[in-house]
Amino acid sequence: MKKLSVACLCFILCLLCPVGCTDKTDKHSFYAQSTLNKNFIPDLPKIKSDGKTSLNQGRFTFTTTEKEFEEYLNSVYDYLASCSFEYFGYPTEVFSTLFGGAPKCTFEFGYELSDFQTLIALSIKGEDIYEEAKTGKHYFFVWGKEGVDNQSKNDRQQIVNARYLQIGCYPHDDYVYVYMELKYSLMDYTFYLSSD
């Protein structure tokens, strides 16, 4: 009986953990092409940073100037807007979380870059976020191209296989600290059309 319990526990942990111990990167330490393909954004502009970059659990970080961040952000937005996704927008509120994680968010269509500026991801993280991060600029892009789940729950329809990109920066000395985060695991954000 104990062996069966241990086997079941191992199976559950394997389902919840991402496959592999390290993130795959390209030669510039940016997201690997396979990651971009899985997120339906194969030609996402790559950052060109002279500073240190890192990728850990789907979160890519680097430092740059504020002007270079703005230029890069605009190129990312232009690229995503050109992809002609069926659903392209941003989260408006978190309406449920599963044991403190796996947030469920309502989705709203976005039409210009300013629509995507939101602190919603910071509000979920709570106290562990740096004060300086709250003074930065934060954007949250959500997209889907596979329709909605017609099995409605709570008068909401889930966007099937939705993907997202969080990108933002906050000041740090003479430069800005920039982060990017793509969908990384099964226990991650899900997005629903509002019932309105």
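We now turn to the structure provided with this report. One numbering rule holds for all chains: residues counted from 1, following each sequence as written. Local features in this predicted model are restricted to residues of pLDDT 70 or higher, and side-chain atom pairs are both shown and tallied only at a pLDDT of 80 or more, whereas totals for entire chains, interfaces and linings draw on every residue. Excluding hydrogens and water, the side-chain figures rest on all heavy atoms present in the structure.

**Some thoughts on the overall build of the protein**
The condition is simple: We count a stretch as a helix when DSSP gives it H or I for four or more residues in a row; a strand needs E for two or more, and each element gets its number in order from the N terminus. Burial here depends on accessible area, computed with a 1.4 Å probe over protein chains only, as a share of the maximum for the residue type. Under 20% is buried, over 50% is exposed, and the range in between is partly exposed. Two residues form a contact once any of their heavy atoms are found within 4.5 Å. All accessibility values rest on the Shrake-Rupley procedure with a 1.4 Å probe; residue burial counts only the protein chains present in the view.
Counting secondary structure elements, the protein contains 5 helices and 9 strands. N-terminal to C-terminal, the α/β element order of the protein is α-α-β-β-α-β-β-α-α-β-β-β-β-β. When each of the 196 residues of the protein is scored for burial, the buried share is 40%. Pairs at least 24 residues apart make up 62% of the contacts formed inside the protein by residues separated by at least 6 positions. In the structure as shown, the protein presents an accessible area of about 11,800 Å², 52% of it carried by carbon and sulfur atoms.

**Concerning empty space enclosed by the protein**
Summary: where empty space remains is shown by rolling a probe the size of a single water molecule over the atoms. Just so we agree on the cut-off: Residues are said to line a cavity or pocket when one of their atoms sits within 4 Å of a point; the points come from a 1 Å grid over protein atoms alone, cavities being sets where a 1.4 Å probe fits but cannot get out and pockets being open sets with protein on both sides within 12 Å along at least five of seven lines. Grid points are joined across faces, edges and corners, and a volume is the space filled by probe spheres set on the points. Amino acids outside the nonpolar list (Ala, Val, Leu, Ile, Met, Phe, Trp, Tyr, Cys, Pro) and the charged list (Asp, Glu, Lys, Arg) are all regarded as polar, and Gly is one of them.
Under the defined criterion, the tally for this structure stands at 1 cavity of 30 Å³ or more. Residue lining of the largest cavity: Thr118, Leu119, Ile120, Ala121, Leu122, His138, Tyr139, Phe140, Gln166 and Tyr179, and that is the complete set. Here the residues of the lining of the largest cavity sort into 7 nonpolar, 3 polar and no charged.

**Some details on the nonpolar core**
How we decide: By nonpolar core we mean a set of buried residues, namely Ala, Val, Leu, Ile, Met, Phe, Trp, Tyr and Cys, connected to one another through side-chain atoms within 4.5 Å.
Within the largest apolar cluster, 32 residues are counted, with the highest numbers of intra-cluster contacts made by Phe30, Ile41, Leu80, Phe141, Trp143 and Met180. Counting only elements with at least two residues in this core, the list comes to strand E2 (59-64), helix H3 (66-82), strand E3 (87-98), strand E5 (137-144), strand E7 (163-172) and strand E8 (175-182). The element contributing the most residues to this core is H3, with 7 residues. Each residue touching Leu80, except ones within four places of it in the same chain, is listed here: Ile41, Phe85, Phe88, Phe141, Trp143 and Leu165. If you look at the next biggest cluster of nonpolar residues, it comprises 14 residues, including Tyr87, Cys105, Ala162 and Leu193.

**As for the pattern of salt bridges**
Selection rule: The salt bridge definition used is simple: a Lys or Arg side-chain nitrogen within 4 Å of an Asp or Glu carboxyl oxygen.
Counted by the stated rule, this structure contains 3 salt bridges. One salt bridge in this structure joins Glu181 and Arg59, with 2.7 Å as the shortest N-O distance. On the criterion of sequence distance, the pair formed by Glu181 in strand E8 and Arg59 in strand E2 is long-range, its members being 122 residues apart. Among the residues examined, Arg59 registers a relative accessible area of 23% and is labelled partly exposed. Among the salt bridges present, the one from Glu66 reaches Lys137, with a minimum N-O distance of 3.5 Å. Here Lys137 lies in strand E5 and Glu66 lies in helix H3, a separation of 71 residues in the sequence. The exposure class of Glu66 is partly exposed, given its relative accessible area of 44%. Classification of Lys137 as partly exposed rests on a relative accessible area of 27%. One continuous salt-bridge network, built from bridges that share partners, spans Glu66, Glu70 and Lys137.

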